[in-house]
Amino acid sequence: MAYGGRIESDDKNPMTFIPYSRQCIDKDDIDAVVKVLKSDFITQGPKIPEFEKRLAEYCGAKFAIVFNSGTSALHGAYFALGIKKGDKFITSPITFVATANAGLYLGAKPVFVDVASDTGNIDASKIEEKITKKTKLIVPVHFAGHPVDLEKISNIAKKHNLFLIEDACHALGAKHKGKKIGSCKYSDMTVLSFHPVKHITTGEGGAVLTNNQEFYKKLLMFRNHGITKDNSRFTIHDSRIIGDWYYEMQLLGYNYRMTDIQAALGISQLKKLNLFVKKRREIADLYNKAFRDNPYFDIPFEEDYAYSSYHLYPIRLKDKFKDRKKEIFSKLRAKELGVQVHYIPIYLQPYYKELRYRKGLCPMAENFYQREISIPIYPAMTQKNINYVIEEIYDSFKKV
Ligand SMILES: Cc1ncc(COP(=O)(O)O)c(C=O)c1O
């Protein structure tokens, strides 16, 4: 498959709302969806395995299993490893709640490790001190599309005999040491999301990538009520009972299936992924040039080993401004800039407070939250949009 295509630019009047990210849908995408709508199968049809094959090929993994969200994909990935009540898993507090919630669904307890102050990624040097006998899994998040140091983290996982799942919901199209995120070179599984703000979209949707056939088979069942139609896996072998209708439910799964309508959109979007990432990187470059050495905030950077796919462009307020985020944020929103904050450290959420997590647990994460603002970055941004964002950001900071 060629990863080319074009981007239909979002030629908005710069005075209309410019979100922090958004989908980029063109006529080819719409045609692909309409074609499925007119076909025999709008779900459980041929577009699902086709999307999975192309996704696995793109990332360089053996298997891809698509889900109806990144959250259900995470749930499936943890389940496939056998994560259960009483287990603990290590993750970052600077992520969407789904990364930790997926473990709670299974009765496991998230253990939050603090982040690096610059990338917002989990601080690999602080992981080992949090490992106990109950720890089964590490789930680093490639925050904003900037890969974590996978080599370092996988060495820790290997040393302590732990599983490793990459939450790559921000990082489709990113690379670690030249190798695509999703290849699972260092991990047991990698999880993606296709929410509209992500690199490609299926409306809602997600996927797990893996090189392990057993995980693959378990994930297929988990996505579909724990049902298998693969006769090599049947537990009953009585030919009087088993006909072509026969299936077995062997574990408690869910309906986490993606539709063919969504998969067709995913296939069409995947063709443009490289272009989308290139465009995001070009915008990041323009911002880097415009904001270099500014007195108000620090800009993101890339580690030597990393090729970021810039799901976000997170700026971090300098000391002088760190207590004035609310004011700055409101000023930016008043200028129709759809800035956002990523993220409130998960353990500060009321639900997690009930689970006895406390403020002060991860000081760098709390500091990162205090300073972080995500400014608009998405493939269909026009030069006019970009110039507007730069001008209005400078203007807003000058006035605080
Ligand atoms: C880091 C991270 N993990 C998991 C998810 C969950 O994905 P979804 O919204 O597709 O369920 C998201 C989505 O926002 C995310 O950003």
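Quick note: structure is the one above.
Residues numbered from 1 in each chain as written. Predicted model: local features only at pLDDT ≥ 70, side-chain atom pairs only at ≥ 80, totals over all residues. Heavy atoms only, no water.

Draft legend 1. Representation of the overall build of the protein chain. Check the secondary structure of the protein chain and you find 12 helices and 17 strands. Compactness check: the protein chain gives a C-alpha radius of gyration of 22 Å against a globular reference of 21 Å for 400 residues, within 12% of the reference. Overall, the protein chain is about 80 × 55 × 35 Å in size when its C-alpha atoms are taken along their principal axes. For the protein chain, the proportion of its 400 residues judged to be buried stands at 56%. A separation of at least 24 residues holds for 73% of the contacts in the protein chain among residues at least 6 apart in sequence. Summed over all atoms, the accessible surface of the protein chain reaches about 17,700 Å², with 52% contributed by carbon and sulfur. When the 61 basic and 46 acidic side-chain charges of the protein chain are each reduced to a single mean position, those positions are 3 Å apart. (Helix = DSSP H or I, 4+ residues; strand = E, 2+ residues; numbered from the N terminus. Rg over C-alpha atoms; globule rule 2.2 N^0.38 Å. Buried < 20%, exposed > 50% of the residue type's maximum accessible area, 1.4 Å probe, protein only. Contact = heavy atoms within 4.5 Å. Areas by Shrake-Rupley, 256 points an atom, 1.4 Å probe, with all protein chains shown as cover. Lys, Arg positive; Asp, Glu negative; His and termini not counted. Charge placed at Lys NZ, Arg CZ, Asp CG, Glu CD.)

Draft legend 2. Highlighting the packing of helix α2 (residues 47-59) against helix α7 (residues 260-270). At a minimum axis separation of 8 Å, α2 and α7 run at an interaxial angle of 30 degrees. The angle between the axes of α2 and α7 places the two elements in the roughly parallel class. Along this stretch, α2 crosses α7, giving a crossing that reads as left-handed. Two secondary-structure elements touch here, α2 through Lys47, Ile48, Glu50, Phe51, Arg54, Leu55 and Tyr58 and α7 through Asp260, Ala263, Ala264, Gly266, Ile267 and Leu270. Its residues placed into classes, the contact of α2 with α7 shows 8 nonpolar, 1 polar and 4 charged. (Axes fitted to C-alpha atoms, helices over the stretch in contact; angles between N-to-C directions. Parallel < 35°, antiparallel > 145°, perpendicular 65-115°, else oblique. Left-handed = near helix turned anticlockwise from the far one by under 90°. Nonpolar A, V, L, I, M, F, W, Y, C, P; charged D, E, K, R; others polar.)

Draft legend 3. Structural context of the packing of aromatic side chains. One pass over the full model with this rule turns up 28 aromatic pairs. Taking the centre distance of 4.9 Å and the plane angle of 5 degrees together, the rings of Tyr254 and Tyr256 count as stacked. Residue Tyr254 is classed as partly exposed on the basis of its relative accessible area, which comes to 34%. An aromatic cluster of at least three residues, connected via ring pairs, comprises Tyr287, Phe291, Tyr296, Phe297, Tyr310, Tyr313, Phe321, Tyr394 and Phe397. (Phe/Tyr/Trp six-rings, centres within 6.5 Å; stacked < 30°, edge-to-face > 60°.)

Draft legend 4. Just the site of the ligand, in detail. Taken together, 16 residues sit near the ligand, with Gly70, Thr71, Asp167, Ser193 and Lys198 positioned nearest. His170 places a polar side-chain atom, nitrogen or oxygen, 2.9 Å from an oxygen atom of the ligand. Measuring from an oxygen atom of the ligand, one finds a side-chain N or O atom of Tyr343 at 3.2 Å. With the chains in place, 91% of the 390 Å² that the ligand exposes on its own is no longer accessible. Taken together, the elements giving at least two residues each to the shell around the ligand come down to α3 (70-80) and α4 (98-104). Broken down by class, the residue content of the shell around the ligand amounts to 6 nonpolar, 8 polar and 2 charged. (Near = heavy atom within 4 Å. Polar contact = N/O pair within 3.5 Å; in protein donor to acceptor, adjacent residues only side chain to side chain.)

Draft legend 5. Molecular detail of the sheet that holds strand β6 (residues 163-167). In spatial order, the strands read β2-β10-β9-β6-β5-β3-β4; together these 7 strands make up an open sheet with mixed pairing. Of all the strands in the sheet, the pair left with one neighbour each is β2 (63-67) and β4 (109-112). For this sheet, the mean inter-axis angle between neighbouring strands, taken without regard to orientation, is 25 degrees. Inspection of the sheet shows strand β3 (residues 88-91) paired to strand β5 (residues 135-139) by 4 bridges, in the parallel sense. In the sheet register, Lys88 faces β5, and the bridge partner there is Thr135. (Pairing = 2+ DSSP bridges.)

Draft legend 6. Representation of the sheet that holds strand β13 (residues 297-298). Pairing is antiparallel in the open sheet, where 3 strands are placed in the order β13-β15-β17. Of all strands in the sheet, those with a lone pairing partner are β13 and β17 (372-375), marking the two edges. Direction of pairing for β13 relative to strand β15 (residues 313-317): antiparallel, over a ladder of 2 bridges. Counted as the bridge partner of Asp298 is Arg316 from β15.

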